[in-house]
Amino acid sequence: MEEKLYTLALSRLRGISQAMAMQLYQQVGNAGDIFLHHKELENLSDEGRRRLNEAMSSAPEVLKRAENELEFAERNNISTFCFNDTDYPTRLRECDDAPLVLFYRGSVSLNAARILSVVGTRRITEQGKDLCRNLCRELQEAHPDLLIVSGLAYGVDIHAHRGALEFGLPTVGVLAHGLDRIYPYVHRKTAIDM
(Lines give C-alpha, C1' and ligand atoms only; values in the text may rest on other atoms or scores of the structure.)
Protein backbone atom coordinates (compact mmCIF):
# COMPACT_ATOMS: atom_id res chain seq x y z
CA MET A 1 0.00 0.00 0.00
CA GLU A 2 2.81 2.42 0.82
CA GLU A 3 4.41 2.09 -2.64
CA LYS A 4 0.99 2.65 -4.26
CA LEU A 5 0.63 5.80 -2.19
CA TYR A 6 4.04 7.11 -3.27
CA THR A 7 3.47 6.16 -6.91
CA LEU A 8 0.11 7.90 -7.04
CA ALA A 9 1.60 10.96 -5.32
CA LEU A 10 4.51 11.01 -7.78
CA SER A 11 2.02 11.13 -10.65
CA ARG A 12 0.33 14.13 -8.97
CA LEU A 13 3.37 16.26 -8.07
CA ARG A 14 3.02 19.83 -9.34
CA GLY A 15 5.83 20.95 -11.60
CA ILE A 16 6.75 17.40 -12.63
CA SER A 17 5.50 16.26 -16.02
CA GLN A 18 4.23 12.72 -16.45
CA ALA A 19 7.26 12.05 -18.66
CA MET A 20 9.65 13.21 -15.93
CA ALA A 21 7.76 11.25 -13.28
CA MET A 22 8.04 8.10 -15.41
CA GLN A 23 11.72 8.74 -16.09
CA LEU A 24 12.41 9.09 -12.36
CA TYR A 25 10.32 6.03 -11.55
CA GLN A 26 12.16 3.86 -14.08
CA GLN A 27 15.56 5.23 -13.08
CA VAL A 28 15.06 4.72 -9.33
CA GLY A 29 12.86 1.61 -9.51
CA ASN A 30 10.20 2.72 -7.03
CA ALA A 31 8.38 5.87 -6.02
CA GLY A 32 9.08 5.58 -2.29
CA ASP A 33 12.78 6.15 -2.75
CA ILE A 34 12.08 9.22 -4.90
CA PHE A 35 10.13 10.80 -2.05
CA LEU A 36 12.40 9.65 0.75
CA HIS A 37 15.76 10.20 -0.97
CA HIS A 38 15.11 12.79 -3.68
CA LYS A 39 18.07 14.94 -2.58
CA GLU A 40 20.46 12.01 -3.05
CA LEU A 41 19.35 10.94 -6.53
CA GLU A 42 22.11 10.75 -9.10
CA ASN A 43 21.96 11.19 -12.88
CA LEU A 44 19.66 14.21 -12.69
CA SER A 45 20.41 17.36 -14.64
CA ASP A 46 20.68 20.57 -12.63
CA GLU A 47 17.30 21.63 -14.05
CA GLY A 48 15.74 18.25 -13.22
CA ARG A 49 17.07 18.38 -9.66
CA ARG A 50 15.78 21.95 -9.22
CA ARG A 51 12.30 21.01 -10.52
CA LEU A 52 12.14 17.89 -8.34
CA ASN A 53 13.19 19.80 -5.21
CA GLU A 54 10.58 22.49 -5.92
CA ALA A 55 7.91 19.84 -6.52
CA MET A 56 8.77 18.11 -3.25
CA SER A 57 7.76 21.23 -1.34
CA SER A 58 4.15 20.18 -2.02
CA ALA A 59 4.80 16.53 -1.05
CA PRO A 60 2.82 16.52 2.23
CA GLU A 61 -0.28 17.93 0.52
CA VAL A 62 0.08 15.62 -2.50
CA LEU A 63 0.59 12.56 -0.28
CA LYS A 64 -2.56 13.41 1.69
CA ARG A 65 -4.59 13.76 -1.53
CA ALA A 66 -3.18 10.46 -2.80
CA GLU A 67 -4.09 8.80 0.50
CA ASN A 68 -7.67 10.08 0.15
CA GLU A 69 -7.85 8.77 -3.44
CA LEU A 70 -6.66 5.32 -2.38
CA GLU A 71 -9.17 5.23 0.48
CA PHE A 72 -11.95 6.20 -1.97
CA ALA A 73 -10.79 3.44 -4.33
CA GLU A 74 -10.81 0.85 -1.56
CA ARG A 75 -14.30 1.86 -0.34
CA ASN A 76 -15.64 1.58 -3.90
CA ASN A 77 -13.95 -1.70 -4.93
CA ILE A 78 -11.63 0.06 -7.37
CA SER A 79 -8.31 -1.65 -8.03
CA THR A 80 -5.13 0.37 -8.39
CA PHE A 81 -2.36 -0.87 -10.65
CA CYS A 82 1.05 0.77 -10.53
CA PHE A 83 3.45 0.58 -13.46
CA ASN A 84 5.56 -2.23 -11.96
CA ASP A 85 2.60 -4.34 -10.73
CA THR A 86 2.17 -7.71 -12.43
CA ASP A 87 -1.49 -6.92 -13.26
CA TYR A 88 -0.57 -3.68 -15.05
CA PRO A 89 -1.36 -4.11 -18.78
CA THR A 90 1.84 -5.33 -20.43
CA ARG A 91 1.04 -3.72 -23.78
CA LEU A 92 0.40 -0.36 -22.15
CA ARG A 93 3.69 -0.62 -20.26
CA GLU A 94 5.46 -0.52 -23.63
CA CYS A 95 4.00 2.91 -24.51
CA ASP A 96 6.18 5.96 -23.94
CA ASP A 97 3.30 7.84 -22.31
CA ALA A 98 1.93 5.02 -20.15
CA PRO A 99 0.45 6.26 -16.88
CA LEU A 100 2.20 5.41 -13.63
CA VAL A 101 -1.13 4.45 -12.04
CA LEU A 102 -4.34 2.95 -13.42
CA PHE A 103 -7.64 2.73 -11.61
CA TYR A 104 -9.79 -0.23 -12.56
CA ARG A 105 -13.10 -1.71 -11.54
CA GLY A 106 -14.17 -5.16 -12.60
CA SER A 107 -12.75 -8.62 -13.07
CA VAL A 108 -11.59 -8.78 -16.69
CA SER A 109 -7.88 -9.33 -17.27
CA LEU A 110 -6.26 -6.32 -18.87
CA ASN A 111 -3.63 -8.71 -20.24
CA ALA A 112 -6.00 -10.78 -22.39
CA ALA A 113 -4.33 -12.60 -25.27
CA ARG A 114 -6.58 -10.87 -27.80
CA ILE A 115 -7.80 -7.30 -27.48
CA LEU A 116 -9.78 -5.25 -29.98
CA SER A 117 -10.14 -1.50 -29.50
CA VAL A 118 -13.26 -0.01 -31.02
CA VAL A 119 -13.50 3.71 -31.70
CA GLY A 120 -15.64 5.74 -34.05
CA THR A 121 -18.25 8.36 -34.55
CA ARG A 122 -20.40 9.74 -31.75
CA ARG A 123 -23.32 9.98 -34.20
CA ILE A 124 -23.84 6.36 -35.11
CA THR A 125 -26.41 5.36 -37.72
CA GLU A 126 -28.76 2.39 -37.47
CA GLN A 127 -26.49 0.63 -39.96
CA GLY A 128 -23.53 1.32 -37.67
CA LYS A 129 -25.40 -0.07 -34.66
CA ASP A 130 -26.19 -3.24 -36.61
CA LEU A 131 -22.58 -3.49 -37.72
CA CYS A 132 -21.32 -3.27 -34.11
CA ARG A 133 -23.79 -5.91 -32.96
CA ASN A 134 -23.03 -8.30 -35.84
CA LEU A 135 -19.29 -7.79 -35.45
CA CYS A 136 -19.48 -8.71 -31.76
CA ARG A 137 -21.55 -11.81 -32.56
CA GLU A 138 -19.07 -12.97 -35.22
CA LEU A 139 -16.07 -12.19 -33.04
CA GLN A 140 -17.55 -14.15 -30.15
CA GLU A 141 -17.97 -17.17 -32.42
CA ALA A 142 -14.40 -16.93 -33.72
CA HIS A 143 -12.63 -15.76 -30.53
CA PRO A 144 -14.78 -16.13 -27.40
CA ASP A 145 -11.97 -14.83 -25.17
CA LEU A 146 -11.51 -11.59 -27.15
CA LEU A 147 -11.56 -8.44 -25.01
CA ILE A 148 -13.44 -5.47 -26.49
CA VAL A 149 -12.09 -2.09 -25.36
CA SER A 150 -13.77 1.23 -26.04
CA GLY A 151 -14.52 4.51 -24.31
CA LEU A 152 -18.09 4.18 -22.97
CA ALA A 153 -18.92 7.31 -25.00
CA TYR A 154 -21.89 8.04 -27.24
CA GLY A 155 -22.07 6.34 -30.62
CA VAL A 156 -19.86 3.48 -31.67
CA ASP A 157 -18.26 3.11 -28.22
CA ILE A 158 -21.42 2.30 -26.28
CA HIS A 159 -22.74 0.01 -29.01
CA ALA A 160 -19.47 -1.96 -29.04
CA HIS A 161 -19.79 -2.45 -25.25
CA ARG A 162 -23.46 -3.42 -25.51
CA GLY A 163 -22.74 -5.87 -28.33
CA ALA A 164 -19.93 -7.43 -26.32
CA LEU A 165 -22.22 -7.83 -23.32
CA GLU A 166 -25.02 -9.28 -25.44
CA PHE A 167 -22.77 -11.96 -26.89
CA GLY A 168 -20.73 -12.72 -23.77
CA LEU A 169 -17.47 -11.05 -24.72
CA PRO A 170 -15.49 -9.36 -21.96
CA THR A 171 -15.41 -5.59 -22.38
CA VAL A 172 -13.57 -2.67 -20.79
CA GLY A 173 -14.41 1.03 -20.96
CA VAL A 174 -11.46 3.42 -20.83
CA LEU A 175 -12.68 6.62 -19.24
CA ALA A 176 -11.29 10.10 -19.73
CA HIS A 177 -12.25 10.96 -16.15
CA GLY A 178 -12.15 9.33 -12.73
CA LEU A 179 -14.21 6.40 -11.52
CA ASP A 180 -16.14 8.64 -9.14
CA ARG A 181 -18.77 9.19 -11.84
CA ILE A 182 -19.99 7.80 -15.14
CA TYR A 183 -20.22 10.13 -18.09
CA PRO A 184 -22.37 10.20 -20.01
CA TYR A 185 -24.75 9.32 -17.19
CA VAL A 186 -27.17 7.58 -19.58
CA HIS A 187 -24.51 4.86 -20.01
CA ARG A 188 -24.44 4.07 -16.30
CA LYS A 189 -26.47 0.84 -16.60
CA THR A 190 -24.13 -0.46 -19.30
CA ALA A 191 -21.13 0.44 -17.13
CA ILE A 192 -22.66 -1.43 -14.19
CA ASP A 193 -23.34 -4.45 -16.42
CA MET A 194 -19.73 -4.36 -17.55
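Here the structure is a predicted model, which means the values were calculated and not measured.

Procedures and definitions
- Residues numbered from 1 in each chain as written.
- Predicted model: local features only at pLDDT ≥ 70, side-chain atom pairs only at ≥ 80, totals over all residues.
- Heavy atoms only, no water.
- Helix = DSSP H or I, 4+ residues; strand = E, 2+ residues; numbered from the N terminus.
- Buried < 20%, exposed > 50% of the residue type's maximum accessible area, 1.4 Å probe, protein only.
- Contact = heavy atoms within 4.5 Å.
- Areas by Shrake-Rupley, 256 points an atom, 1.4 Å probe, with all protein chains shown as cover.
- Lys, Arg positive; Asp, Glu negative; His and termini not counted.
- Charge placed at Lys NZ, Arg CZ, Asp CG, Glu CD.
- Arc of directions from axis to C-beta.
- Polar contact = N/O pair within 3.5 Å; in protein donor to acceptor, adjacent residues only side chain to side chain.
- Axes fitted to C-alpha atoms, helices over the stretch in contact; angles between N-to-C directions.
- Nonpolar A, V, L, I, M, F, W, Y, C, P; charged D, E, K, R; others polar.
- Patch = residues over 30% accessible without salt bridge, like charges linked within 9 Å, V, L, I, M, F, W, Y side chains within 5 Å.
- Salt bridge = Lys/Arg side-chain N within 4 Å of Asp/Glu carboxyl O.
- Phe/Tyr/Trp six-rings, centres within 6.5 Å; stacked < 30°, edge-to-face > 60°.
- Lys NZ or Arg CZ within 6 Å of the ring centre and 35° of its normal.
- Core = buried A, V, L, I, M, F, W, Y, C linked by side-chain atoms within 4.5 Å.

Draft legend 1. Molecular detail of the overall build of the chain. Broken down by element type, the chain carries 9 helices and 5 strands. In sequence order, the secondary structure elements of the chain are arranged as α-α-α-α-α-β-α-β-β-α-β-α-β-α. Its C-alpha atoms give the chain principal-axis dimensions of about 60 × 30 × 30 Å. Burial statistics for the chain: of 194 residues in total, 40% are counted as buried. Pairs at least 24 apart in sequence give 63% of the contacts found in the chain among residues at least 6 apart. For the chain, the exposed surface amounts to about 11,400 Å²; the carbon and sulfur share of it is 50%. One finds the centroid of the 23 positive side-chain charges in the chain at a distance of 6 Å from the centroid of its 27 negative side-chain charges.

Draft legend 2. Geometry of helix α4 (residues 46-56). Considered for burial, the residues of α4 that qualify are G48, L52, A55 and M56. Buried residues of α4 fall within an arc of 100° about the axis and therefore sit on the same side. Close packing links the buried residues of α4 with α2 (18-28), α3 (31-37) and α5 (59-75).

Draft legend 3. Here's a closer look at the environment of T7. Mapped onto the secondary structure, T7 falls in helix α1 (residues 2-12). Judged by relative accessible area, which is 0%, T7 ranks as buried. In this structure, the C-alpha to C-alpha distance between T7 and E71, residues 64 residues apart in sequence, is 15 Å. In terms of polar contacts, T7 uses its side chain to reach the backbone carbonyl oxygen of E3, at 2.8 Å.

Draft legend 4. The arrangement of helix α8 (residues 156-166) in detail. Of all 11 residues that make up α8, 8 are buried, and the element is covered over most of its length. Among the residues making up α8, those that are buried are V156, D157, I158, H159, A160, H161, G163 and A164. Residues of α8 that are buried in the fold lie against α7 (126-142), β4 (147-150), β5 (171-173) and α9 (188-193). Of the residues trailing α8, G168 is marked for its positive phi of about 75°.

Draft legend 5. A look at the packing of α1 against α2. For the pair α1 and α2, interaxial distance at closest approach is 9 Å and the crossing angle is 145°. In this structure, α1 contributes E3, T7, L10 and S11 to the contact, and α2 contributes Q18, A21 and Y25. Looking at the contact of α1 with α2 residue by residue, the class counts come to 3 nonpolar, 3 polar and 1 charged.

Draft legend 6. Examining the environment of A153 more closely. Within the secondary structure, A153 is located in the loop between β4 and α8. Along the sequence, A153 and L13 sit 140 residues apart, while their C-alpha atoms lie 29 Å from each other. Dropping the residues within four chain positions of it, A153 is found in contact with R122, I158, P184 and H187.

Draft legend 7. Quick peek at a nonpolar patch on the surface. A contiguous nonpolar patch, built from Y154, Y183 and V186 and spanning about 350 Å² of accessible area, is present on the exposed surface. On the secondary structure map, V186 appears in the loop between β5 and α9. Under the relative-accessibility criterion, V186 is labelled exposed at 58%.

Draft legend 8. Examining the packing of aromatic side chains more closely. One pass over the full model with this rule turns up 4 aromatic pairs. Pairing Y6 with F35 gives two aromatic rings, centres 5.3 Å apart and planes at 35°, and the pair type is tilted. Here Y6 is found in helix α1, whereas its partner F35 is found in helix α3, with 29 residues between them in sequence. Residue Y6 shares its accessibility class with F35, and that shared class is buried. Ring pairing ties together the aromatic residues Y25, F83 and Y88, which thus form one cluster. A cation over a ring is seen here: R93 above F83, with NZ or CZ 5.7 Å from the ring centre.

Draft legend 9. Here's a closer look at the nonpolar core. In this structure, L10, L13, F35, L52 and L100 are the most contacted members of the largest nonpolar core, which totals 39 residues. Of all the secondary structure elements, the ones that give two or more residues to this core are α1, α2, α3, α4, α5, β1 (79-82), β2 (101-104) and β4. Ignoring sequence-local partners within four residues, the contact set of L100 consists of T7, L10, S11, A21, M22, Y25, F81, C82, F83 and Y88. Listed in part, the 12 residues of the second largest apolar core include I124, C132, L139 and I148.

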